[in-house]
Amino acid sequence: MILSLAVAAMFVPAGISTEIKIDVTNPGAAVEPKMYGVFLEEINHAGEGGLYSELIQNRGFTDAEPPPACKIVDGKIVPPRTDHWWEGHPVEYTFPWNVTNDHPGWEINQGTVKLVDDPLNEVKKKALQVTGPAKISNEGYWGIATNKGESYKLRIWAKGGPVIAKIVGKDGKTVSSAGPLNFEKNKYTLKEVTLVADKTVAHTKLQLDLPAAQTTLSYVSLLPKTTFKGRPNGLRKDLAQMIADLKPGFIRFPGGCYVEGLTIESRSQWKDTIGPLEKRKPTYSPWGYWNTNGFGFHEFLQYCEDIGAKPLYVFSDGVSCAFRSGTYLPDDQIPALIQDTLDALEYANGPVTSKFGKMRAAAGHPKPFNLEYVEIGNEDQGAKYGKRFAQFAKVVKEKYPKSKLILSSWISGIDKPAIDAAMKDGPLDIVDEHAYKNIGWALQNFGHFDNYSREVPWTVYIGEFACNGGVGFGNFAATLNDAAYMLDMERNADIVRMGSYAPLLQRVESHQWDVNLIHFDSSKAFGRASYYACKMTAENLPTHVVPSTFKTTYPTSPVLAGQAGLGGYNTEVQFKDLIVNGQPVPTESPVRTQRGQWQTSNELVTLIKPSDGSESWTFFGQDQPIKSIQTKARKIKGDEGFIISIGSISGQRVQLNFGGWGNSIHAVQINSGGAGYSSRGNIETDHWYDVNIEVNGLHVKATLDGKTVIDATLPRPDIAVASAGLDKKTGELVVKIVNAIGSANQVKLNLGKVKVNLNATAIVLSGNLNDENTIEQPTKIVPKSSKINLGSDLTFNAPPNSFSVLRIKLQK
Ligand code: AHR
């Protein structure tokens, strides 16, 4: 949308201003043109029930199988208690096993069924034996959505009686039907038929009528004809397009923890993911469900090619997920695993005359895919991992010299021992750091990458980044932090060459990770505000970094103001005798409550039922600058202690968390994030504590029974950060600004003597900190593009809480 001069003309109260000094005459490093990519992992039903277009859940009747090497005990998956690779001893880990019958995904409406061993081929051994007359149905993943006129290809491997297939809506009305499909009595045969939907229905199921006394079903698949780029066995069009719209320079696949596996037996193995669909061995995702591998190695490479992204494939290094079991392949099995990696590279890159190159050609792609980015392992650590990495790296580089070898650098930061060990024994091109951060981190630590050493022969890839702590399921505050993080990467693009937000996709009905970029159900999809921030950065990637500095001037110091809040997290708590700024505050009627069940009187405030997994709050008194709070507080029962809010700064709640982090830390927090300003300590049950909080500007001091437990000066949360670059292809200066301030900010560009065209373009994403796009309001926060005039003083008025990109033409 073009809003003529709207942003420039916005009224800005006298006050906050940021000067950005940009040294346009001194451009620095060239930015990697494919800097931003995506990270696609089988988590949150990203592929299975998501991007992969298969509509049937448990198409091969294999989903009741427990994960390999694991036991099911009392409804929980228990991995083998053998030694952990790093810990050297077994670790305790269980995961819920929610399978309640032997045919998950299938509903038996009439007749009886039995899961039997009746192999279709050497891989697919299970089958569903149905005693009829019977009717069984499958609603896929939370409902099969149909589109009027759309064709759906039904493929059934079966034997015995005939099958009549119908797509039926929730109202019982048939959307399409086919059959009878006649099978041989005692031998599996394949029948294929096309069902054409006569209606668009958001939630249908596939129903199979089985009139004979016995029918054995081995495989039932329903794939839409319309897929992304019309590929057979292809991808869901809207989701694939949304990813393509991010203009990813590369796709990192298939994980993450998924690559490693819950156990070493369930690691991802590329050979299970190629060839005829009914011969692909499913993989158990460590995120708690089976993956058919229908979206496999070949489909991944094809998708990358289709959207102009480079493939980045992550191979197992023979160690399973450190958080789950840490089970591993012993050293003597590593040569075979390295050979397996070489086989994959031959499939992707080898000539059609080679064994695996020939398989690629047979799958419809004679030309090599040019897979260069090769990552070995995920989130492993230390010298032991570095050594193992080197074993792979040496061999891969020798056979494929163009490959770029990526070491996964544990979580957060650069893993020096792993890197040193890797480099001692072999080549290393890129280090992949993972960075999941709390709210405020990226803003407060802006310039973090400035300190990364340039005296290294490798570059940095931030393979997984997101602001996902203290932001609920992702809100606009998270987006401002994500944008700030990307700006920090961009200003350091000489060393931070690549980055990908994580995770990418989330099925709305089932997610295992709270903050993700794109949400979808069976028929709809939308991007969180961070999706648009990623899109804005990718679409406005400069060709060269330009040095910049910035300084914000505030007319006043920040004031902590609001109502006093009393709260608890997963804990029943009680408060009495509340005094704010020296005045007793009545507590009979709260001004407002947020979550949890509260009982209040002037004598006692009790959280009788805390909300599950989130903070419960009740607020008292008037809105005012808070200088002091005294109260008595007691923990009745639960995991943690109590929380007290002392108002907000710049719209961000400040709270004191006594006995947070599993009753181990006392901390002052901004917007529930970070334990940066803290001390160790716990809260005893059934003890009335005398709580005393003093606030002086941003300095907060708290005592419990007279003992100081918090004494900290908070950073201003309301700050602005910026980066600058040159787009030498268009002759434009590209300036990116995150204004994480709750009011407008007059941004003044100081370009020295450099002359620019004052008519520029501004692309702005703005919102309230707690707002987010939803399935009901999918475009509440989207960027708006407008033509602006910077004026002779080169000023841009950044809206409150906004991320803006300015494109400014340089004058020759
Ligand atoms: O992105 C989700 C998970 O986070 C990935 O699987 C893993 O690499 C990281 O710990």
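Residues numbered from 1 in each chain as written. Predicted model: local features only at pLDDT ≥ 70, side-chain atom pairs only at ≥ 80, totals over all residues. Heavy atoms only, no water.

J.: Sorry if this is basic, but what is going on with the side chain of N121 here?
T.: Structurally, N121 is set in the loop between β6 (106-117) and β7 (126-138). Judged by relative accessible area, N121 falls into the buried class, the value being 13%. For N121, the side chain forms a polar contact with the main-chain nitrogen of V123, separated by 2.8 Å. A polar side-chain atom of N121 sits 2.6 Å from the main-chain amide nitrogen of K124. Apart from the residues within four sequence positions on either side, N121 is in contact with E278 and K279. (Helix = DSSP H or I, 4+ residues; strand = E, 2+ residues; numbered from the N terminus. Buried < 20%, exposed > 50% of the residue type's maximum accessible area, 1.4 Å probe, protein only. Polar contact = N/O pair within 3.5 Å; in protein donor to acceptor, adjacent residues only side chain to side chain. Contact = heavy atoms within 4.5 Å.)

J.: Looking at this model, I keep getting lost on the site of the ligand. Mind explaining?
T.: Near the ligand you find F39, E41, G256, C257, W287, N378, E379, H434, Y436, E464, P503 and W513, and these make up its full shell. Between the ligand and C257 there is a distance of 2.8 Å, counted from an oxygen atom to a backbone nitrogen or oxygen. The side chain of E379 places a nitrogen or oxygen atom 2.8 Å from an oxygen atom of the ligand. When the ligand sits alone it has 280 Å² of accessible area, and the protein chains cover 97% of it. Here the shell around the ligand is composed, by residue class, of 6 nonpolar, 3 polar and 3 charged. (Near = heavy atom within 4 Å. Areas by Shrake-Rupley, 256 points an atom, 1.4 Å probe, with all protein chains shown as cover. Nonpolar A, V, L, I, M, F, W, Y, C, P; charged D, E, K, R; others polar.)

J.: How should the confidence of the model for the chain be read in this particular structure?
T.: Detailed conclusions should not be drawn from predicted coordinates in areas where pLDDT is low. Looking at the chain, the pLDDT average stands at 95 and 98% of residues meet or exceed 70. Considering only residues more than four positions removed or in separate chains, one finds that residues 1-13, a stretch of pLDDT under 50, has 27 contacts. (pLDDT = per-residue confidence, 0-100.)

J.: What should I look at first to understand the environment of K736 in this one?
T.: On the secondary structure map, K736 appears in strand β45 (residues 732-740). When its relative accessible area of 1% is taken as the criterion, K736 is described as buried. When sequence neighbours within four positions are dropped, the list of residues in contact with K736 reads L487, E490, T537, N540, L541, P542, V721, A722, S723, F803, S804 and V805. A polar atom in the side chain of K736 sits 2.7 Å from the side chain of E490. From its side chain, K736 meets the backbone oxygen of N540 in a polar contact 2.8 Å long.

J.: Would you mind going over the packing of helix α8 (residues 382-399) against helix α9 (residues 416-425) with me for this structure?
T.: Two quantities define a packed helix pair, namely the angle between the axes and the distance from one axis to the other. Direction vectors running N to C along α8 and α9 enclose 35°, while the axes themselves pass 7 Å from each other. You can see that α8 and α9 cross each other, and the crossing is right-handed. Listed contacts from α9 to G382, A383, Y385, G386, K387, F389, A390 and K394 of α8 are P417, A418, A421, A422 and D425. (Axes fitted to C-alpha atoms, helices over the stretch in contact; angles between N-to-C directions. Left-handed = near helix turned anticlockwise from the far one by under 90°.)

J.: Mind showing me how you'd approach the packing of aromatic side chains here?
T.: Between two aromatic rings, the relevant description is the distance of the centres plus the angle of the planes. Tallied over the entire structure, the rule returns 34 aromatic pairs. With a centroid separation of 6.5 Å and 40° between ring planes, the pair formed by Y141 and W142 is classed as tilted. Y141 sits in the buried class, given a relative accessible area of 7%. Both rings, one in F449 and one in Y485, keep their centres 5.5 Å apart while their planes meet at 75°; by these two values the pair is edge-to-face. Placement of F449 in the loop between α10 (441-444) and β22 (459-469) and of Y485 in helix α11 (residues 476-491) is noted, with a sequence separation of 36 residues between them. Side by side, F449 and Y485 carry an identical accessibility label, which is buried. (Phe/Tyr/Trp six-rings, centres within 6.5 Å; stacked < 30°, edge-to-face > 60°.)

J.: Which parts of the structure should I look at to understand α8?
T.: Note: α-helices contain 3.6 residues per turn, so residues at a spacing of three or four share the same orientation. When the terminal C-alpha atoms of α8 are compared, their 26 Å separation across 18 residues agrees well with the 26 Å that a helix rising 1.5 Å per residue should span. Buried within α8 we find G382, Y385, G386, R388, F389, A390, F392, A393 and V396. Those residues of α8 that are buried lie in contact with α6 (334-349), β19 (373-376), β20 (404-411) and α9. (Expected span 1.5 Å × (residues − 1).)

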